Amino acid sequence: MALAKVQLIPGFDKQVTETGAEGRWIDGQYVRFRYGLPEKIGGWEQLGSTTLVGAARDQHTWFDLKGNRYAAIGTNKILYIYYEGAFYDIHPLDASRQQSLTSCFTTTNSSNIVTVTCPSSTGLNVGDLVVFSNVSSIPGTSAFTAASFTNTFEVKTTPTTTTFTIQMPSNEGASTAFTTTGSATLDFYYVVGSTTQVPGFGFGTGYYGGTTLNPATTTMNNGGTLAAGHTTSVTLTNATLFPNSGTVLIGTELITYANKAGNVLQTLGRGAQGTTDATHADGSTVKDATNFVPWGQASGLGVDIEPGQWRLTNFGQKLIALIFNSVAVEWDPSSTGAISTPLRATLISGAPTASRDLLVSTPDRHLCFFGTETSIGTTTSQDDMFIRFSDQENINSYAPTATNTAGTQRLADGSKIIGTLRGRNGNYIWSDTALFTMRFIGAPFTFGFEQVGTNCGLIAQHAAIEVDGIIYWMSEDSFFYFDGASVKKLPCLVEDDVFGNLNNDSELIVHAGVNDKFNEITWFYPSSTSNLIDRSVTYNTRDGQNIPGGVWTTNTGNLLNRTTWVDQGVYGAPYATAFESSETPTQGSISGVSNGATRYYAHEVGTDQVNTAGTTAIPAQIESGDFDIDREGSGEYMMRISRFIPDFKNQTGDAEVTIFLRDFPSDARTSSTSGPLITGPFTVTTSTTQVFCRSRGRAASFKIANTGTGQTWRFGTFRADIQAGGRR
């Protein structure tokens, strides 16, 4: 019998129905197209043996003047340096908040919780990081020593504005507790921000993940659990800052109370505002939620709480790091002890102290701040559309004079600058509605600004990328590119799938990365059911220009949840980060650290995911659209498929081929491993020459996949023995 070849165009088409996508691929994961053919993507391997604290939001790689390679990774908690296989905490400390403590530590018998008392308000929130130094006068009878406190700690609770609690690695002795004893210097990590973007409605507007309203926080001290349904009272450790009547949040339950007697809240209303009445353990965190706003009701803030973000770059060999809406710091790898100590990043003297973004303009070498202060050092003067740039070659001088090149500019179209990009042909600035170019023109204006696009705003700070002089970016409802002449919308056959399943309430964490070896741009984004990155979409810049609708692939697999990406160059492979919200960080000795850890990976390494947890198979697959017999009309006849000829290249290990059948477009696709129809999955080895099957339907499609470790493949053509089989 004659074999028929099913011809398929590269790229996914999700804009039409599965039956309408004849001659196209419709779905898949962990695959790419190379030379027009689908193949499994390369594997990835963990760098270093530890996981980082928080969710990575930017990374940058560079060389120092001696040729040493560095990677900087900024999470929503800590700024790290990766050097020679190890990580170093270089996060800056906020010197303006430093406090000298006396009679400061209080411990409890057989407990690892320590209360710290400060002379003035700390401004701390649960989850913030602090570090003690110069610790002394710890009682010799205690299980703790001064060295026990010389560490970085995560704040566990904030009972009052001048007290907070930390968690030690071990417990105090059974009868060795002490009260308000010891002295120390207290330093505060600069706060980066929350792991996720929180809408300005309901939970998060300051009480459940946000930091703007700083609610009173304490713990439950009930002498036992608070049982579900109990409405008499609950005792707190310290209720001083709680109102005489109001609402508290314990776990995820809101509980109202009619009055307060000392530390006892009385006459409780359980499961308020639709939350679930539950049992709570003694010691649970209790937050004042009296001004809590339910979901769907305006909070009065009118803004989102933006996630903690970084912009990382280098000025010569110096690392330049901007905390989103906060300070800019520098770190010089050539300084004595930069790695061995390691030295912490320090504020850039003279620079703005609140900015949305920055870049180093080249080759002119100006440090430029965007969405920054109109009056340097006055954070309340921050203007989201204002630009300030330094004197040439001087990152510490920003006041314009007749003899320097420092200056300012304010953009008009948009309400805020979202992101920037240094490109081959200039600098690019996106507001929430428009694209501007910023090019060095020399004296007297230094830079020339031009609006080159409207209604093409950037979805997130890190959602733009340059490839061969062309700028690509993701907007809130489309993909765009700028070729130097005009802004154009990028044709996209997966547009509905991406933007119809995008969580716009978490869009600010979208991150773009380029993989130049495979001509790919990938955008990593949160799906509609997640506030963390869990999906990606990839565009092939080489083949996409020649295929109508472009060559696009999508991925919903949870193994590829990358939060940052940098292409090969400084290092020999693309480096990327992945965040696991339930994993406990292992890097450094941060006591009491909460779950939420980042792994660092080298990509295009091997065939599997390899990390400290073990080796995991990458289950790649790709599915075709329906095809039928074109005889007396398309799909008029049923068809029979009795065998197919596998056509794989670069195959390692086994692959699977499955045939799916349906009679009408509205029918679900079916497959079977037993009679009367046998359609797979069929295992194909490197020595398989042909596979016999028993398939009958009006329309058929097929899937290529692998499930095991050590497997990879590139698929060629699908040739099958296809015959007409009647009209019913």
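Calculation criteria
Here the residue numbering is sequential within each chain, running from 1 through the sequence in written order. pLDDT decides what is reported in this predicted model: residues at 70 or higher carry local features, side-chain atom pairs at 80 or more are listed and counted, and totals for whole chains, interfaces and linings draw on all residues regardless. Water and hydrogen atoms play no part in the side-chain values, which are based on all heavy atoms of the structure. When DSSP finds two or more bridges between a pair of strands, those strands are recorded as paired. Secondary structure elements follow DSSP: runs of H or I of four or more residues count as helices, runs of E of two or more count as strands, with numbering from the N terminus. What we call a nonpolar core is a set of buried Ala, Val, Leu, Ile, Met, Phe, Trp, Tyr and Cys residues that are connected through their side-chain atoms within 4.5 Å. Burial status follows relative accessibility: with a 1.4 Å probe on protein chains alone, a residue under 20% of its type maximum counts as buried, one over 50% as exposed, and anything between as partly exposed. Here, residues are in contact when the closest pair of their heavy atoms is within 4.5 Å. By definition, pLDDT measures how confident the predictor is in each residue, and it falls between 0 and 100. Counting rule for disulfides: a pair of cysteine sulfur atoms within 2.5 Å. Axis angles are defined between N-to-C directions and span 0 to 180 degrees, where every axis is a line fitted to C-alpha atoms and, for a helix, only to the segment in contact. We call two N or O atoms a polar contact when they sit within 3.5 Å, provided that within protein one can donate a hydrogen and the other can accept it, with sequence-adjacent residues counted only if both atoms are side-chain atoms. Pairs were defined over the aromatic rings of Phe, Tyr and Trp, the Trp ring being its six-membered one, requiring ring centres within 6.5 Å. Orientation was assigned from the angle between planes: stacked under 30 degrees, edge-to-face over 60, tilted for the rest. Whenever Lys or Arg places a side-chain nitrogen within 4 Å of a carboxyl oxygen from Asp or Glu, that contact is recorded as a salt bridge.

Chemist: Before we go on, may I ask you to explain the pairing of strand β4 (residues 31–34) in this structure?
Modeler: When a strand is regular, its side chains alternate between the sheet's two faces. Across 4 bridges, the pairing between β4 and strand β5 (residues 37–40) is antiparallel. Note on β5: the bridge partner recorded for V31 is K40. Between β4 and β5, which pair antiparallel one after the other, the connecting turn spans 2 residues, and Y35 there sits at a positive phi close to 55°.

Chemist: How do you make sense of the nonpolar core when you look at a structure like this?
Modeler: As a rule of thumb, nonpolar side chains are buried together in soluble globular proteins. Residues Y472, W473, M474, F479, W523 and F718 are the most contacted members of the largest nonpolar core, which totals 82 residues. No other element matches strand β38 (residues 470–474), which puts 5 residues into this core. Excluding anything up to four places from it in sequence, M474 contacts G457, L458, I459, A463, F479, V498, F499, L502, V510 and W523.

Chemist: Teacher, can you tell me more about the confidence of the model for the protein chain here?
Modeler: Keep in mind that low pLDDT regions are not for reading the predicted coordinates in detail. Residues with a pLDDT of 70 or more make up 95% of the protein chain, whose mean pLDDT is 92. Confidence drops under a pLDDT of 50 for residues 201–214, and excluding neighbours within four residues, the segment shows 52 contacts in the predicted structure. Residue range residues 295–302 is modelled with pLDDT below 50. Its contacts to residues more than four positions away, or to other chains, number 15 contacts.

Chemist: For this particular structure, what's the right way to read the state of the cysteines?
Modeler: Working definition of a disulfide: a covalent bond connecting the sulfur atoms of two cysteines. In total, this model carries 0 disulfides according to the counting rule given. The thiol of C492 is unpaired, and the distance to the nearest cysteine sulfur, on C456, comes to 17 Å. Judged by its relative accessible area of 9%, C492 falls in the buried class.

Chemist: Honestly, the sheet that holds strand β35 (residues 434–442) in this entry has me stumped. Any pointers?
Modeler: Within a sheet, adjacent strands bond to each other through the backbone by hydrogen bonds, running parallel or antiparallel. Sheet architecture is open: 4 strands sit in the order β33-β34-β35-β36, paired in antiparallel fashion. Of all strands in the sheet, those with a lone pairing partner are β33 (417–423) and β36 (446–454), marking the two edges. Strand-to-strand twist in this sheet, taken as the mean axis angle between neighbours without regard to direction, amounts to 25°. Bridge count for β35 against β36 is 8 bridges, and the pairing is antiparallel. Pairing of R439 across the sheet is with G448, part of β36.

Chemist: How do you make sense of the side chain of E253 when you look at a structure like this?
Modeler: As for its placement among the helices and strands, E253 is situated in strand β22 (residues 253–261). Judged by its relative accessible area of 0%, E253 is buried. Of the polar contacts made by the side chain of E253, one reaches the backbone nitrogen of G271; its length is 2.9 Å. Residue contacts for E253: discarding those within four places in its chain leaves V248, R270, G271, T275, T276, D277, A278 and H280.

Chemist: I keep staring at the sheet that holds strand β28 (residues 346–347) and nothing clicks. Help me out?
Modeler: In space, the 4 strands of this open sheet follow the order β25-β26-β27-β28, with antiparallel pairing throughout. The open sheet is flanked by β25 (310–315) and β28, the only strands paired with a single partner. Pairing of strand β27 (residues 328–331) with β28 involves 2 bridges; the strand directions are antiparallel. By the bridge assignment for β28, V329 is matched with L347.

Chemist: Can you walk me through the packing of aromatic side chains in this structure?
Modeler: By convention here, two paired aromatic rings are described through the distance between centres and the angle between planes. By the definition in use, this model includes 39 aromatic pairs. Ring centres 5.3 Å apart and planes at 80° place the aromatic pair Y82 and Y600 in the edge-to-face group. Linking Y82 in strand β10 (residues 79–83) with Y600 in strand β48 (residues 597–603), this pair joins segments that are 518 residues apart in sequence. On the basis of relative accessible area, Y600 is assigned to the buried category, the value being 0%.

Chemist: Is there a simple way to think about the pattern of salt bridges in this case?
Modeler: It is possible for side chains of opposite charge to pair when their charged atoms get near one another. By the definition in use, this model includes 22 salt bridges. Linking R669 and E18 is a salt bridge whose minimum nitrogen-to-oxygen distance equals 3.8 Å. Linking R669 in the loop between β54 (655–662) and β55 (682–684) with E18 in the loop between β2 (9–12) and β3 (24–29), this pair joins segments that are 651 residues apart in sequence. Given a relative accessible area of 34%, E18 falls into the partly exposed group. Between E39 and R714 there is a salt bridge whose closest N-O contact spans 2.7 Å. Remark: R714 occurs in strand β58 (residues 712–715) and E39 occurs in strand β5; sequence separation between them is 675 residues. There is no split in this pair, since E39 and R714 are both buried.

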